[in-house]
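For reference, the chains in residue letters:
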Amino acid sequence: MIQMEKNIVSFSNNTVTKDLPVQINAEDVNIYYGDNHAVKHVNLPIHEKSITALIGPSGCGKSTFIRTINRMNDLIPAARCEGTISYKDVNILNPKVDVVQLRKEIGMVFQQPNPFPKSISENIQLPLRFAGVRNKKTLKEVTEDCLQQVGLWDEVKDRLDRSATSLSGGQQQRLCIARALALKPDVILLDEPTSALDPVSSAKIEELLLQLKNDYTIVIVTHNMQQAARIADYTAFFYQGELIEFGKTRTLFTNPEKKSTSDYISGRFG
Amino acid sequence: MIQMEKNIVSFSNNTVTKDLPVQINAEDVNIYYGDNHAVKHVNLPIHEKSITALIGPSGCGKSTFIRTINRMNDLIPAARCEGTISYKDVNILNPKVDVVQLRKEIGMVFQQPNPFPKSISENIQLPLRFAGVRNKKTLKEVTEDCLQQVGLWDEVKDRLDRSATSLSGGQQQRLCIARALALKPDVILLDEPTSALDPVSSAKIEELLLQLKNDYTIVIVTHNMQQAARIADYTAFFYQGELIEFGKTRTLFTNPEKKSTSDYISGRFG
Amino acid sequence: MNSKVTNRIALSLIILCAAVMAGILATLLGYILVKGVSSISWHFLTTSSSPFLAGGGIKDQLWNSFYVLIITMLLTVPIGVSGGIYLAEYAKPGRLTSFIRTCVEVLASLPSIVVGMFGMLVFVNYFGFKFSVFSGALALTVFNLPVIVRVTEDGFNSLSRHQKEGGLALGLTHWHTIKTILLPAAFPSILTGIILSAGRVFGESAALLFTAGLSTPDLDFGNWNPAAPNSPLNLFRSAETLSVHIWAVNTGGIMPDVQTIANGSAAVLVICVLLFNLFARALGKVINQKLSGR
Amino acid sequence: MKIGKVAMDPATATASKSKLINEKGLFWRLTDRTSESRGKVLIYSSAILMIVAVTAITLFLTIQGLRSFVVDHLNFWTFITGTQWYPDRAQNPSFGAFPFIFGSMAVTFLAALIATPIAIGTAIFMAELAKKWGTKVMQPIIEILVGIPSVVYGLIGLSLIVPFMRVHFGGSGFNLLAGAIVVGIMILPTVASIAADSIRAVPDSLRQASYAIGATKWQTIWRVVIPAAGSSLVTAIVLGMSRAFGEALAVQMVIGNVVTLPKSIFDPSATLTTIITLSMGHTTTGSILNDALWSLGFILLLISYVFIVIIRFLSRRRNA
Amino acid sequence: GNGSSSGSSDSSSSSKSDSSSSTEALSGKITIGGSTALQPLAAQAAKEFMDKNPNVQIEVQGGGSGTGLSEAQAGNFDIGMSDVFAESKSNIDAKALKDYQVAVVGMTAAVNPKAGVKNLSKKDLQAVFTGKVKNWKEVGGKDLKITLVNRPDGSGTRATFDQFALDNKTPAEGITQDSTNTVKKIISETPGAIGYMALSYFTANDSSVVKLSIDGVEANDDNVASGKFPVWAYEHMYTKGEPSKLVKAFLDFIMSDAVQTKDVPAQGYLSVNDMKVQRDATGKQSDK
Ligand SMILES: Nc1ncnc2c1ncn2[C@@H]1O[C@H](COP(=O)(O)OP(=O)(O)OP(=O)(O)O)[C@@H](O)[C@H]1O
Ligand SMILES: Nc1ncnc2c1ncn2[C@@H]1O[C@H](COP(=O)(O)OP(=O)(O)OP(=O)(O)O)[C@@H](O)[C@H]1O
Ligand SMILES: [Mg+2]
Ligand SMILES: [Mg+2]
Ligand SMILES: O=P([O-])([O-])[O-]
């Protein structure tokens, strides 16, 4: 047995000293795809204005869980949910919840950048239009504002009416984040937002997230443990549908309670 | 800056003390997809009866390179190769090379297990039959032999005529390896063979590869650096189409020459 | 909320469209069957048609329809499947491929009457096949071919790339991979497509008017010598099919029971098409189960 | 239990080298069982056959279709623009095919107008609203509708639509609209199934993106899915139109076949296809009327080429 | 040239001798095609002929009069059927064809009962069909719009009607249907419709359409036979030159009483033998 060189990872951004209030609280959540019990008895609090990372090997249910928070899993006919996810005193999983409104308050960004095959500005204005905003000036202002926030304004301000698909992958992903910001949501969910990107674009997005967490609650799924270590305040480790361990990122990485957590973190599987 | 817990990785299997002869040698290999220069000026020796791992972030050209070694990239009309990959005194990239014979000598296993939708025994016998083996007894013997080698014999010996698609993912992948062994190739190429598998199946395949390297030359692409560290004798780090660094696995992991190698290994990107 | 109301109205309209579609089918089928089934009897199916007296049947026309269909399939399936394999597996992007693809599209969208006119010009007159089963089958080949090509190409394209790579990586030649791995895997969808296309061939009429003729000799079902002029198997006799019969009877028939014959024939035709459909579905299901389960 | 591997001695190494380089002759390649060439011969010949078929059809119909201009000296321009079709008039017969060209166009466009909303609506229903229902119920319905022979559509048009027209719009009931309705219903399933395919082809990621920004189902369909499916939907409609354009017998049974230009959609009319089926048998080969009918067939061929060009253009734009 | 055989032969004895001699002599195949109007008669005769001569195969195809003449001339049909004289068709060398007039068909206009007319003068009929008159009340009927129903160009029925009822005036445009059934259906269902069809389609106690008399002459077999009613035509069978022995035997059979007195009237035709007048290709009528 030979020891590998120590991995030096910065935790400098994980500045949470005391827990902020819980904004979303999952209690005994079970999710099934037909007979497949994909998420099992998960209890997970998500704290306001902080970054919570979900990690775990492929197929462990990370995406399934995060997609339930804004009811995107409604789109999969076979998917079925049990339990409670409370947000603003409402159980999100209640069938009576107005999912359209819910998704306006809880935005989402996906692994593959998915801009609409329309112009850059339309991509950002579309959610506003959906919400009924017609005023040209407002639309323009919000466009600039959102692009500024994701640091894309200077790169694209001269070609706002060019097709969004002409942007590079990293730019597209930032555009998708900008689009999610247009409706001023409370929470932003991101499912492996950087795994299809190059290192430079990845780094830019990490930076952006650290900045956004001042205003938004962020939940991010990542397969890159170092990424979680770098940016997340809280980390949840999923394995085979179960939430194995949850806690402050530093604690979880340096002093995991469970054997499987430390096995996973040290790369023994996954 | 806080230091992460030391990652303990076993290098115990990397027992190469002196270099074995080079079996395949890539010299100044360039691969293009149309205008996209996907692999750039790669020089890489592959040593006999040892495991060479190719690592690097997504899209860096690992698959492209490994698929060129047995000319699988011929299938992609837009793909174009330059340079020399010598094997048995022949340049594999020569258009005159009989790719069918080449692929018999250099087998390949893919990320997604791809057994044929036929019975388990037929899966192994198909390549033999095509190579002209008609003798029933030989066919049976080879089937057993190959399944033994991948440790699948005991699991499936009672249902050799059941459909191969009824096996679990890990079993399917081992069947695919067994199938590749049937033709007694010199070299086996594996493109992320475990990334679609669960940890237990993964571990089984790692074990199997360590055993197979006594008889075969093995080239494996993996996105799991710990896997490379665990099983590979040599590791090559690709980044943006370039071969950044190549060497004995232990050296590369403990003492990388290039900054980007150490950044990647320590999870700063990818 | 405004967008919600719009949403509800629009979705209701869409559902209405689907309902209209289903309603049209129900009306069509209901009408044809209600009108026609009463005139279907064993006698109707097993007697020859009569030139001008009442009480004629459709025995010969029914046989002709199936016979023309079988000959057409014998001609189109091998060629069409090969063509589909060519496009899916061999065709390299370029001028020639795009030209062949255009050819397939042209064949697919030719008006059937144009095909019929071409058949009359070339098969009936130029090659001297007369109005015959064979001329008819050749004409139908012209427009069934692209259907089979497309079905095959789609079947191959929908296979996962992994299967093919698996074969090639084992040192199988491309052709052998196609023969032993890809074709069997694509077989169910190709077969389903072929049976569905059979329904269209079965009901085709305009192209047959000018090629297979408007009459049929009095077939002797005891004589299976293909060279005999009144043998059911004779390829070079004229052969009015069921759908042509409907048109012909409706157009110029002078028997008193024209309506009964037309309605009965239409019902038989539609029932055959329904059976083709059910058969294709059932077969596809069985084969799929066999391939995946076991 | 392992297959022992013997180390290569130099002799086998050279042997395998010659094996790796392929220098087999043409004959060997054709006779070898495992060879690629035998399969290729089969495959390539069928590809060639299709080219031959298209070329032959075009060539023969062109030659035959130009006879009336070359041999019978009809004026091409007056042929396609003239509105008088009196081929049998003893003095001064006239061949003006414009009413048929117009009739074909009118039937085609009206049919598309009738079919498009229902077909696209059904496609959306199948591909977006009720996927399970769509594949389990609507798909078979559509396949059955595709399979119903055109003469049966004609027969039903004759017994349902024509009387309906007569009762509600007067006249004989045989008119342009009746033809368009029959053909419109006929092309419904074709358009719907192609449209459904193109809607299904829109990547799910776009739908997810849309729902994730709080769009309703309809907003997603209208603002995201339909624009993304865009030109394939148009292709579906154009394909349906090309079928409508070529349909003969069903139209002939209900359109009335009047050789003058219709003044409204409630007037009887004729199309290129109906006039061919009506008159072909009454003419003798080589007579002017016979040649003129072939010219109509040739025009039919030309216009179906135009449809193909449009479809190709649309698909090229889609791929670009 | 009228090639019809004399009607004097004793039907029973001739057909007996036919069949007895045919057992050794007659075998082979005959292809007949052309006029759809004549097709049923030919098919029926062929059936009976084949029953008598089991070694003979007769194939009866349709295709239309034009096809019949073209194909007979090209030698593809042994017998080409036509509703019109070969002379009236272009591109046909009538002299090379031998004409057998096998039946006579009478035609007249059919009118919707609501129009309220049963008889028209030829002049009024022409005014109706040429479009000069648009309402039935102008020719003595009810106040009802006239709807014309035509047959397509080249149709034998249309040619005959145009020639003998309209005196070669070009009819105005109307709905065109190739099918007598459809024509009849349209006329019976559309108020004010008028078209024309063979007498056989007017069945005895069928009041759905009115069988129009012209110039006061009722359209019936007797008046056609006597030449009083002008609108009639021959049904022709043409052979290219002299027919072969087999074809001749079949044509003789058609002219025999077995067919002429049974099948011909059964299908609403008149036997040529009953005609008291005859016509030539130009339409000139003369006593027989
Ligand atoms: N649409 C679906 N239908 C049925 N089963 C599904 C579906 N999506 C996911 N699953 C199953 O649910 C389980 C969890 O999947 P999930 O996608 O949540 O994993 P994940 O942790 O996001 O994995 P990855 O890292 O690969 O994205 C898996 O077993 C998977 O097979
Ligand atoms: N079939 C193809 N056609 C065109 N470009 C391709 C094709 N396959 C790969 N590429 C491009 O070649 C580059 C290298 O891709 P490759 O698949 O070799 O990466 P990789 O290292 O295997 O990545 P991963 O870890 O995601 O499998 C990428 O930029 C990719 O976009
Ligand atoms: Mg996931
Ligand atoms: Mg790869
Ligand atoms: O019998 P016709 O079809 O020529 O009127």
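- Looking at an unreviewed UniProt entry, one finds chain D named Phosphate transport system permease protein and attributed to Sporolactobacillus laevolacticus DSM 442.
- As its UniProt record puts it under Function (unreviewed entry), chain D is described as follows: "Part of the binding-protein-dependent transport system for phosphate; probably responsible for the translocation of the substrate across the membrane."

### A look at the site of ligand 2
All names here are of chain B.
Argument step 1. Tyr 33, Asn 36, Ala 38, Ser 58, Gly 59, Cys 60, Gly 61, Lys 62, Ser 63, Thr 64, Ile 76 and Glu 192 make up every residue found near ligand 2.
Argument step 2. Within the side chain of Thr 64, an N or O atom sits 2.4 Å from an oxygen atom of ligand 2.
Argument step 3. Glu 192 is positioned with one of its side-chain polar atoms (N or O) 3.4 Å from an oxygen atom of ligand 2.
Argument step 4. For ligand 2, whose accessible area on its own is 630 Å², the fraction buried by protein is 61%.
Argument step 5. Those elements giving two or more residues to the shell around ligand 2 turn out to be strand E3 (36-47) and helix H1 (62-69).
Argument step 6. With 3 residues, the top contributor of residues to the shell around ligand 2 is H1.
Argument step 7. Split by residue class, the shell around ligand 2 holds 4 nonpolar, 6 polar and 2 charged.

### As for unusual backbone geometry
Leave glycine aside and you will find that most residues have negative phi; peptide bonds, for their part, are mostly trans.
Argument step 1. With a phi angle near 60°, Arg 71 of chain A is a residue other than glycine that sits in the positive phi range.
Argument step 2. Looking at the element boundaries, Arg 71 of chain A is found in the loop between helix H1 (62-69) and strand E5 (79-87).
Argument step 3. One non-glycine residue with positive phi stands out, namely Asp 215 of chain E, at about 55°.
Argument step 4. Relative to the elements of secondary structure, Asp 215 of chain E occurs in the loop between strand E10 (213-214) and helix H7 (221-226).

### Here's the deal with helix H7 (residues 161-169) of chain C
Argument step 1. When you tally the buried positions in H7 of chain C, you get 7 out of 9 residues, the bulk of the element.
Argument step 2. Downstream of H7 of chain C by one or two residues, Gly 171 of chain C has phi in the positive range, about 80°.

### Remarks on the arrangement of the chains
Argument step 1. Where the 8 pairs of chains in contact are concerned, the greatest contact count is recorded for chains C and D.
Argument step 2. Spatially, chain A is disjoint from chain E: no contact exists, and the shortest C-alpha separation is 52 Å.
Argument step 3. You won't find any contact between chain B and chain E; their C-alpha atoms come no closer than 53 Å.

### What to know about the pattern of salt bridges
Argument step 1. Scanning the model with the defined rule gives 41 salt bridges over all chains in all.
Argument step 2. Note that Glu 141 of chain B and Lys 137 of chain B form a salt bridge whose closest N and O atoms lie 3.6 Å from each other. Here Lys 137 of chain B and Glu 141 of chain B lie together in helix H4 (residues 136-149), a separation of 4 residues that amounts to about one turn.
Argument step 3. Judged by relative accessible area, which is 47%, Glu 141 of chain B ranks as partly exposed.
Argument step 4. Take Lys 137 of chain B: its relative accessible area is 60%, and that puts it in the exposed class.
Argument step 5. In this structure, Asp 143 of chain E engages Lys 137 of chain E in a salt bridge whose closest nitrogen and oxygen atoms are separated by 3.9 Å.
Argument step 6. Members of the salt-bridge network, linked through shared partners, are Lys 88, Glu 105 and Asp 186 of chain A.

### Regarding the interface of chain C and chain B
Argument step 1. Of the residues lining the interface, 21 residues belong to chain C; the matching set on chain B comes to 29 residues.
Argument step 2. Both faces combined, the contact of chain C with chain B buries some 2,100 Å², and carbon together with sulfur accounts for 64% of it.
Argument step 3. Viewed at the interface, chain B and chain C are joined by 1 salt bridge.
Argument step 4. The shortest N-O distance in the salt bridge between Arg 67 of chain B and Glu 165 of chain C comes to 2.7 Å.
Argument step 5. Applying the counting rule to chain C against chain B returns 4 residue pairs in polar contact (both at pLDDT 80 or more).
Argument step 6. For the side of chain C that touches chain B, the secondary structure elements donating two or more residues are H7, helix H8 (174-203) and helix H11 (258-292) of chain C.
Argument step 7. Looking at the side of chain C that touches chain B, its residues break down into 7 nonpolar, 10 polar and 4 charged.

### Things to note about the UniProt feature "domain: ABC transmembrane type-1" (unreviewed entry) in chain D
Argument step 1. As annotated in UniProt, the feature "domain: ABC transmembrane type-1" (unreviewed entry) corresponds to residues 101-311 of chain D in the numbering used here.
Argument step 2. For residues 101-311 of chain D, the end-to-end C-alpha separation is 21 Å, with 80% helix and 0% strand making up the annotated structure.

### Here's the deal with the pairing of strand E2 (residues 22-33) of chain B
Residue and element names in this part refer to chain B.
Argument step 1. Sheet topology places E2 next to E3; 8 bridges connect them, and they run antiparallel. Counterpart to Val 29 in the pairing with E3 is Val 42.
Argument step 2. Linking E2 back to E3 in an antiparallel pair, the connection comprises 2 residues, with Gly 34 at a positive phi of about 60°.
Argument step 3. Note that E2 and strand E5 (residues 79-87) share 8 bridges and pair antiparallel. For Ala 26, the partnering residue across the bridge sits in E5 and is Ile 85.

### Thoughts on the interface of chain D and chain C
Argument step 1. At the interface, 78 residues of chain D touch 74 residues of chain C.
Argument step 2. Interface area, chain D with chain C, both sides summed: about 6,700 Å², of which 81% is carbon and sulfur.
Argument step 3. Contact with chain C buries area across many residues of chain D, yet Ile 43, Met 50 and Arg 312 of chain D alone supply 10% of it, more than any other trio.
Argument step 4. Linking chain D to chain C there are 2 salt bridges.
Argument step 5. The salt bridge involving Arg 281 of chain C is made with Glu 143 of chain D; its shortest N-O contact spans 2.4 Å.
Argument step 6. Considering each element in turn, the side of chain D that touches chain C owes the most residues, 18 residues, to helix H3 (residues 36-70) of chain D.
Argument step 7. Class assignment for the residues of the side of chain D that touches chain C results in 52 nonpolar, 20 polar and 6 charged.

### Thoughts on the site of ligand 5
Argument step 1. Every residue close to ligand 5 is listed here: His 282 of chain D together with Ser 35, Thr 36, Ala 37, Ser 65, Asp 83, Arg 151, Ser 155, Gly 156 and Thr 157 of chain E.
Argument step 2. The environment around ligand 5 is built from residues contributed by chains D and E.
Argument step 3. Between ligand 5 and His 282 of chain D, the relevant distance is 3.4 Å, taken from an oxygen atom to a side-chain nitrogen or oxygen of the residue.
Argument step 4. Thr 157 of chain E is positioned such that a nitrogen or oxygen atom in its side chain is 3.2 Å from an oxygen atom of ligand 5.
Argument step 5. Taking 200 Å² as the accessible area of ligand 5 by itself, protein coverage stands at 97%.
Argument step 6. Taken together, the residues of the shell around ligand 5 break down into 1 nonpolar, 7 polar and 2 charged.

### Overview of the confidence of the model for chain E
Residues and elements named next belong to chain E.
Argument step 1. Here chain E averages 84 in pLDDT, while 91% of its residues score no lower than 70.
Argument step 2. Segment residues 1-23: pLDDT under 50, and 20 contacts once partners within four positions in sequence are set aside and those in other chains are kept.
Argument step 3. This complex was scored by the predictor with a pTM of 0.82 and an ipTM of 0.80.

### Details of the pairing of strand E4 (residues 51-55) of chain A
Remark: a regular strand shows side chains that alternate across the two faces of the sheet.
Residue and element names in this part refer to chain A.
Argument step 1. The element E4 is largely enclosed, with a buried count of 5 among its 5 residues.
Argument step 2. Residue alternation in E4 divides its side chains into two sets, Ile 51, Ala 53 and Ile 55 and Thr 52 and Leu 54, and both sets are buried.
Argument step 3. Relative to strand E9 (residues 217-221), E4 runs parallel, the two sharing 4 bridges. When the bridges of E9 are listed, Leu 54 appears paired with Val 221.
Argument step 4. As defined by bridge partners, E4 adjoins strand E10 (residues 234-239) across 4 bridges and the pair is classed as parallel. Bridging from a neighbouring strand, Leu 54 pairs with Ala 236 of E10.

The rules behind the values
- Residues numbered from 1 in each chain as written.
- Chains lettered and ligands numbered in written order.
- Predicted model: local features only at pLDDT ≥ 70, side-chain atom pairs only at ≥ 80, totals over all residues.
- Heavy atoms only, no water.
- UniProt positions renumbered as here; feature names shortened; annotations may be inferred.
- Near = heavy atom within 4 Å.
- Polar contact = N/O pair within 3.5 Å; in protein donor to acceptor, adjacent residues only side chain to side chain.
- Areas by Shrake-Rupley, 256 points an atom, 1.4 Å probe, with all protein chains shown as cover.
- Helix = DSSP H or I, 4+ residues; strand = E, 2+ residues; numbered from the N terminus.
- Nonpolar A, V, L, I, M, F, W, Y, C, P; charged D, E, K, R; others polar.
- Buried < 20%, exposed > 50% of the residue type's maximum accessible area, 1.4 Å probe, protein only.
- Contact = heavy atoms within 4.5 Å.
- Salt bridge = Lys/Arg side-chain N within 4 Å of Asp/Glu carboxyl O.
- Buried area = accessible area lost by both parts, 1.4 Å probe.
- Pairing = 2+ DSSP bridges.
- pLDDT = per-residue confidence, 0-100.

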